[in-house]
Amino acid sequence: MYKKERTFMEKKYVMALDQGTTSSRAILFNKQGEIVTAAQREFQQYFPNPGWVEHNAHEIWGSILAVIAEVLSSSNINPKEIASIGITNQRETAVVWDKNTGNPIYNAIVWQSRQTADICEELKSQGYSDMVRNKTGLLIDAYFSGTKVKWILDHVEGAREKAKNGDLLFGTIDTWLIWRLTGGKAHVTDYSNASRTLMYNIYEQRWDEELLEMLGVPHTMLPEVRPSSEVYGETVEYHFFGERVPISGAAGDQQAALFGQACYESGMAKNTYGTGCFMLMNTGETAVRSEHGLLTTLAWGIDGKVEYALEGSIFVAGSAIQWLRDGLRMLKSAADSEQYATRVESTDGVYMVPAFVGLGTPYWDSDVRGAIFGLTRGTQKEHFIRATLESLAYQTKDVLSAMEADSGIELKTLRVDGGAVKNDFLMQFQSDILGVPVERPTINETTALGAAYLAGLAVGFWKSRDEIASKWRIEKRFEVQMQEDERARLYAGWKKAVEATMGFKLK
Ligand SMILES: Nc1ncnc2c1ncn2[C@@H]1O[C@H](COP(=O)(O)OP(=O)(O)O)[C@@H](O)[C@H]1O
Ligand SMILES: O=P(O)(O)OC[C@H](O)CO
């Protein structure tokens, strides 16, 4: 057993490894929860067929080694000063590898990928929907890991045989990284990541035989599920500049952000605006079953108990701004969207529904695609850009409405983070459309911060959640400025636009 006291006095930092959909980051935090230094590395996205998204798991691992090296060398920090490492990751993305060679047998299939949509349709037609919902808190959708693992076992020659012989391992990205960092010693995941696989019973907290049978996944492939704040193992020296540093925290990136935002009380919520938007509300030890298209998920497991969250998942948010920049070439940078949006008073009735990969919460429609409404001869680029930014806020309003209906809790304020929250126009419009103040914290890297806090708590670097919560600071609070009737009028337009979008399908 690792001793919390071990050389604790010399330790000044906790390292968070944040493995996201488009980039990997290593960030060192000090005792005050401040960023001391950070490094970021993008990696290749693979789109082998329309709607498919894959990553090379070795390239992800390489990007992690690169950011660890960069962060340590650029800061001249001695690895001996690092108390522990916390891992946070893009969730649901599935890797299957051979435990004898350490080589993945196929690319990592990414959460956004729709390549298992047909498997999902088949499972639904076989009547599995209620059973899945009642055990996992999720829906049968290509988003989650389970059907991705099935797809790999079905499509890679000899894979089923190897899996049956116990030669293959499955993991979400946290599992893959911990396995690599510990030199293959620890095959583990935490509760929050397990809860996104479609194979884990979140109410009984165990891998579920009926779900595994439905997917044809042998139990031997699965990692051990552990608390989110606990020592899982140590780095092997050759991956960490000669040091054996404990890896002592892990959580899916959205749950880590909830933790980093210090949303520890039931009813507190955060929304992260990155590639997609993910709003999570802490529901404490109660697992709230949604009637409005939300997911019930494990927030984390700490100190011998698990806590739950309600989640709304929006698949396209910041990536719609990237599309304006890279696809339509309307913008030089994502940040420029703010200037354009504020050059006009409104969108003049233009609505943009960015359903590029279908719609998540609360609609859950894989076949719908993006649309724009209300164009006139007077529509300008400014209206178009503003409508795209506003779509992030409307989608969030859809999620919040579902959350309030399911939980019976009326949100008092919304804590926000992620790349797009730098946009003041978006944040003000968000507050106006929700009718709720929006709070932006001083540390925007809350995902990494959450992973660092989980790791630091396990080794005594931080003592308690109360200590952590006292460090949370507002950088800017956006108060509601819009009148109720205007809010209702604008939102009614959005609902019509979504309805019309869902009515148009070529498939
Ligand atoms: N000022 C801005 N206004 C609007 N969107 C922005 C702005 N800055 C960044 N973004 C968007 O935020 C996203 C990046 O956020 P980030 O949290 O790094 O995403 P992820 O972790 O999903 O890779 C990009 O999709 C980008 O288009
Ligand atoms: O990597 P991000 O920040 O886009 O987050 C992805 C989510 O975890 C998907 O569920």
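Relevant structure appears above.
These notes cover the structure that comes with them. (Residues numbered from 1 in each chain as written. Chains lettered and ligands numbered in written order. Predicted model: local features only at pLDDT ≥ 70, side-chain atom pairs only at ≥ 80, totals over all residues. Heavy atoms only, no water.)

## Section: the pattern of salt bridges
Step number 1: Following the criterion strictly, the structure yields 38 salt bridges and no others.
Step number 2: Its salt-bridge partner being R226, residue E224 comes within 3.9 Å of it at the nearest N-O pair.
Step number 3: For R226, a relative accessible area of 16% gives the class buried.
Step number 4: The closest approach of N and O atoms between E467 and K471, which form a salt bridge, is 3.8 Å.
Step number 5: With relative accessibility at 22%, the residue K471 sits in the partly exposed group. (Salt bridge = Lys/Arg side-chain N within 4 Å of Asp/Glu carboxyl O. Buried < 20%, exposed > 50% of the residue type's maximum accessible area, 1.4 Å probe, protein only.)

## Some words on the nonpolar core
Step number 1: Grouped together as the largest cluster of nonpolar side chains are 82 residues, with contacts concentrated most on V149, M199, V217, M221 and F259.
Step number 2: Sorting elements by how many residues they give to this core places helix α14 (residues 446-458) first, with 8 residues.
Step number 3: Sequence-distant contacts of F259, defined by excluding residues within four places in its chain, comprise Y264, W300, I302, G450, Y453, L454, L457, R465 and I468.
Step number 4: Counting 51 residues, the second-largest nonpolar core is a separate cluster that includes Y273, M281, A355 and Y491. (Core = buried A, V, L, I, M, F, W, Y, C linked by side-chain atoms within 4.5 Å. Helix = DSSP H or I, 4+ residues; strand = E, 2+ residues; numbered from the N terminus. Contact = heavy atoms within 4.5 Å.)

## Observations regarding the site of ligand 2
Step number 1: By nearness alone, every residue bordering ligand 2 is listed as G20, T21, Q90, R91, E92, W111, Y143, D253, Q254, T275 and F278.
Step number 2: With respect to ligand 2, the side chain of E92 contributes an N or O atom lying 2.7 Å from an oxygen atom.
Step number 3: Interatomic distance of 3.4 Å between a side-chain N/O atom of Q254 and an oxygen atom of ligand 2.
Step number 4: Coverage of ligand 2 by the protein amounts to 90% of the 310 Å² it exposes when considered alone.
Step number 5: Class assignment of the residues belonging to the shell around ligand 2 gives a composition of 3 nonpolar, 5 polar and 3 charged. (Near = heavy atom within 4 Å. Polar contact = N/O pair within 3.5 Å; in protein donor to acceptor, adjacent residues only side chain to side chain. Areas by Shrake-Rupley, 256 points an atom, 1.4 Å probe, with all protein chains shown as cover. Nonpolar A, V, L, I, M, F, W, Y, C, P; charged D, E, K, R; others polar.)

## Thoughts on the sheet that holds strand β22 (residues 438-441)
Step number 1: Spatial strand order, β17-β18-β16-β15-β21-β22-β23: 7 strands in an open sheet with mixed pairing. Only two strands of the sheet have a single neighbouring strand rather than two, namely β17 (295-302) and β23 (474-478). On average, each strand axis in the sheet is inclined to that of its neighbour by 30 degrees, with strand direction left out of account.
Step number 2: Bridge count between strand β15 (residues 269-273) and strand β21 (residues 414-417): 3 bridges; the pairing is parallel. Bridge assignment links K270 to a residue of β21, and that residue is R415.
Step number 3: Across the sheet, helix α12 (residues 381-407) touches β15, β16 (277-284), β18 (305-314) and β21, and the angle it forms with β18 is around 140 degrees. (Pairing = 2+ DSSP bridges. Axes fitted to C-alpha atoms, helices over the stretch in contact; angles between N-to-C directions.)

## Some points on the sheet that holds strand β14 (residues 246-252)
The pairing of strands in a sheet comes from backbone hydrogen bonds and takes either a parallel or an antiparallel form.
Step number 1: Here 6 strands make up an open sheet; going across it, the order is β3-β2-β1-β5-β14-β13 and the pairing mixed. The sheet is open, and its two edges are formed by β3 (35-42) and β13 (229-234), each paired on a single side. With strand direction ignored, the average angle separating the axes of adjacent strands in the sheet is 25 degrees.
Step number 2: Pairing between strand β1 (residues 13-19) and strand β2 (residues 23-29): 6 bridges, direction antiparallel. Each residue of the ladder has a partner; that of D18, found in β2, is R25.

## Points about helix α2 (residues 117-125)
Residues three or four positions apart in an α-helix share a direction because the helix packs 3.6 residues into each turn.
Step number 1: The complete set of buried residues in α2 reads I119, C120 and L123. Within α2, the buried residues cover an arc of 100 degrees as seen down the axis, which keeps them to one side. Residues D118 and S125 are exposed on α2 and point more than 90 degrees away from its buried face.
Step number 2: Elements in contact with the buried residues of α2: α4 (145-155) and α8 (209-215).
Step number 3: Among the residues trailing α2, G127 stands out with phi positive, at a value near 85 degrees. (Arc of directions from axis to C-beta.)

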